[in-house]
Amino acid sequence: AQSVTQPDIHITVSEGASLELRCNYSYGATPYLFWYVQSPGQGLQLLLKYFSGDTLVQGIKGFEAEFKRSQSSFNLRKPSVHWSDAAEYFCAVGVGGGADGLTFGKGTHLIIQP
Amino acid sequence: SAVISQKPSRDICQRGTSLTIQCQVDSQVTMMFWYRQQPGQSLTLIATANQGSEATYESGFVIDKFPISRPNLTFSTLTVSNMSPEDSSIYLCSVFPGQGIYGYTFGSGTRLTVV
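We now turn to the structure provided with this report. (Residues numbered from 1 in each chain as written. Chains lettered and ligands numbered in written order. Predicted model: local features only at pLDDT ≥ 70, side-chain atom pairs only at ≥ 80, totals over all residues. Heavy atoms only, no water.)

**Examining the overall build of chain B**
Counted only if it meets this: Numbering goes from the N terminus for both helices and strands, where a helix is a DSSP run of H or I of at least four residues and a strand is a run of E of at least two. Radius of gyration means the value over C-alpha atoms here, while the globule rule gives 2.2 Å times the residue count to the 0.38 power. Two residues qualify as a contact provided that any one of their heavy atoms is within 4.5 Å of a heavy atom in the partner residue.
A count of helical and extended segments in chain B gives 0 helices and 11 strands. Beginning at the N terminus, the succession of helices and strands in chain B can be written as β-β-β-β-β-β-β-β-β-β-β. Whereas a compact globule of 115 residues would reach a radius of gyration of roughly 13 Å, chain B reaches 13 Å, a difference of no more than 12%. Dimensions of chain B, computed from C-alpha atoms along their principal axes, come out at roughly 40 × 30 × 25 Å. Contacts in chain B between residues at least 24 apart in sequence constitute 53% of all its contacts with a sequence separation of at least 6.

Shown next, in the form of structure tokens:
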């Protein structure tokens, strides 16, 4: 079965600094890969996804992620964070071409320092 | 993309009772997925509902506790039965309409509090 590891439970970043959130997955083939953001009391918002092709994926709000097959990683990056980026970030994998549900990581709580 | 309407958006229920959550999609989809998000936790897949067959449950979830119906390609319900305070969670439905802009689409969730 597939699994997702987000090794950082909390990350604190100063406003304007760069950000990288780590995500590693375990699966025998290349899964679908996703990053979602959830603000307090809000629903899930898709930041970006990878199905195939170009391994550098651009998303909304200035986020990008790079799929590295050799490292089984799909790390999320942003060059300059804003206070509004404070939220919970979830990495997720999907297998079965959409016939199966997603497996989520435990999430990373992002704190932005002024 | 697909648009999902999920209701109720929130409810407070007495222990020992049951709550049925509805999920309506604006397009036909083969699979619908139900998730639970316990307070401060990540999302966990409860089951996959395929129209015309029994839902497939993930380890740790059973049909007696979480019966699911899938009467057609646009609608599904999840019932949380014989509730206890430990069932207090957000319950979300999701679909995968295809490799489009949104990939997996999620409903806005049902915030359940059991007292």
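**Focus on the environment of A:Ala92**
Residues and elements named next belong to chain A. With respect to the helices, strands and loops of the structure, Ala92 is situated in strand β10 (residues 87-94). Measuring from C-alpha to C-alpha, the distance between Ala92 and Phe104 comes to 4.2 Å, with 12 residues separating the pair along the chain. Sequence-distant contacts of Ala92, defined by excluding residues within four places in its chain, comprise Tyr32, Leu33, Phe34, Tyr36, Leu102, Thr103 and Phe104.

**Describing the state of the cysteines**
What counts, and what does not: Cysteine sulfur atoms are paired as a disulfide whenever they fall within 2.5 Å. For the exposure calls, accessible area comes from a 1.4 Å probe over protein chains only, and a residue counts as buried if that area is under 20% of its type's maximum, exposed if over 50%, partly exposed in between.
Going through the model one piece at a time under the given rule, you end up with 2 disulfides over all chains. Here A:Cys23 connects covalently by a disulfide to A:Cys91, the sulfurs 1.9 Å from one another. In this structure the cystine formed by A:Cys23 and A:Cys91 twists about its S-S bond by roughly -65°; its chirality is therefore left-handed. Remark: A:Cys91 occurs in strand β10 and A:Cys23 occurs in the loop between β3 (19-21) and β4 (24-26); sequence separation between them is 68 residues. We classify A:Cys23 as buried; its relative accessible area is 0%. Looking at A:Cys91, the relative accessible area reads 0%, which means it is buried. Two residues share a disulfide in this structure: B:Cys23 and B:Cys93, whose sulfurs sit 2.0 Å from each other. Judged by the sign of its S-S torsion, about 75°, the cystine formed by B:Cys23 and B:Cys93 is right-handed.

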